Amino acid sequence: MAAPSPGPREVLAPSPEAGCRVASASSGCRGLLWRLRDKQPRLGLFEISPGHELHPLMCMMQAGLWAATQVSMDHPPTGPPTAEDFSEVMTQVQEGFELGTLAGPAFAWLRHSLGLAEKDYQASLGPGGPYLQFLSTSKSKASFFLSHDQRFFLKTQRRREVQALLAHLPRYVQHLQRHPHSLLARLLGVHSLRVAQGKKVGEAEARGPGRSGWLQGEIPSSLTPYPGPQKYFIIMQSVFYPAGRISERYDIKGCEVSRWVDPAPEGSPLILVLKDLNFQGKTIHLGPQRSWLLRQMELDTTFLRELNVLDYSLLMAFQRLHEDERGPGSSLVFRTARSVQGVQSQDEPGSQNRRLLPDSPNALHILDGPEQRYFLGLVDLATVYGFRKRLEHLWKTLRYPGRTFSTVSPACYARRLCQWVEVHSEP
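Below or above, wherever it landed, is the structure these notes cover. (Residues numbered from 1 in each chain as written. Predicted model: local features only at pLDDT ≥ 70, side-chain atom pairs only at ≥ 80, totals over all residues. Heavy atoms only, no water.)

**Focus on the overall build of the protein chain**
Point 1. When you go through the protein chain residue by residue, the secondary structure sums to twelve helices and 17 strands.
Point 2. Looking at the protein chain as a whole, 54% of its 427 residues are labelled buried.
Point 3. Long-range pairs, those at least 24 residues apart, make up 76% of the contacts in the protein chain with a sequence separation of at least 6.
Point 4. Here the protein chain has roughly 20100 Å² of accessible surface; of this, 55% comes from carbon and sulfur atoms. (Helix = DSSP H or I, 4+ residues; strand = E, 2+ residues; numbered from the N terminus. Buried < 20%, exposed > 50% of the residue type's maximum accessible area, 1.4 Å probe, protein only. Contact = heavy atoms within 4.5 Å. Areas by Shrake-Rupley, 256 points an atom, 1.4 Å probe, with all protein chains shown as cover.)

**Notes on the packing of aromatic side chains**
Point 1. Under the definition given, this model contains eleven aromatic pairs.
Point 2. Here the aromatic rings of Y121 and F152 are separated by 5.4 Å at their centres, their planes lie at 80 degrees, and the arrangement is edge-to-face. Note that Y121 is positioned in helix α6 (residues 118–125) and F152 in strand β6 (residues 152–157), a separation of 31 residues in sequence.
Point 3. Residue F152 is classed as buried on the basis of its relative accessible area, which comes to 0%.
Point 4. Taking 6.4 Å as the distance between ring centres and 90 degrees as the angle between the ring planes, the aromatic pair formed by W395 and Y400 counts as edge-to-face.
Point 5. Given the relative accessible area of 17%, Y400 is considered buried. (Phe/Tyr/Trp six-rings, centres within 6.5 Å; stacked < 30°, edge-to-face > 60°.)

**Description of the sheet that holds strand β15 (residues 372–379)**
Point 1. Spatially, β10-β13-β15-β14 is the arrangement adopted by the four strands of the open sheet, whose pairing is antiparallel. Lying at the two open borders of the sheet, with one neighbouring strand each, are β10 (248–252) and β14 (366–368). Within the sheet, the average angular offset between the axes of one strand and its neighbour, ignoring direction, is 20 degrees.
Point 2. Taken strand by strand, helix α8 (residues 290–306) contacts β13 (313–320), β14 and β15, and its axis lies near 10 degrees from that of β15. (Pairing = 2+ DSSP bridges. Axes fitted to C-alpha atoms, helices over the stretch in contact; angles between N-to-C directions.)

Given below as structure tokens:
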């Protein structure tokens, strides 16, 4: 049995300074490594320092996430999430803002199942170092951040996207249980943030399914006399981690309309994520891992099709392997041991489509070919093929006759992306 939702409670929401002190005390070695690494240039990434337009938002996110993670550390999960865990909304009010944690116990259990220690999660996302911003080639108006160690990716989301993610969350968790080596990005948290007035610092409450349900269209927020605009953001493992030796990055949707990015000038420090048309003439050389990739793409896109989801992307990056990294080498025993860890499932191992994981951080998103290391992950899983997307499909059919575009039925989208991977990969 899973631990019950913590229920209504008061939690002292620590200040950013307190969060920084505790994070530093719990990871002295991590702090030393961070200071050494910080002296190296991070090409194309920009620290959100004082004076940056996003600095106030970053400070609120860091302080709020430090406090929210402390709650999950004080109330660790003891079993798979219950229906109440998926529906819980906890609001913590700090000086000048409030942070909502949506389905917090369910995400805490998911992080635990991935072997992610809460203190490490807290240290990465808390006020121990500035977030990093990068220039996105996305057409959305979302803001994108990386934690200071580049391990976690944060992205602002629209309300309807958050509603879709939360509605699909139980089935998403179930899919990861059945297929622990899935290419789906590992979603680690969903939060709301609102500038708040009229409440005392440190006040907190947890709301469960007893109130009007946010899955039916309302995401509750605390009642403040003069509430500011509410923002939503998600946290997931970065597909492109560790990023130190990555040479090329791509966002693939399997179509051609609006799928070209002007590359950065030669010698430019900018890091750009390129798109489908930029990939023309290139091939993914995977060796014997190709059959695994094709099968996992089929499993994951079938799942997304069943959710009626489209417009997701296959993120992909290249990193050339050093000579001593090629071939099975001496790490084969360790890799075999790692391949059977993770969430237990009653399915047969063959139906789970497991593979040998590389001896590397972020192994679930890494495939090694004969010459290259590939970072692969399916992201942006919140667009549902509803009435608006159906109208957009009709309009684009008239606007782009004979051309391929992203707004198609989920079945067509899944099939086309799998075909793209098959055409552009070789053993």
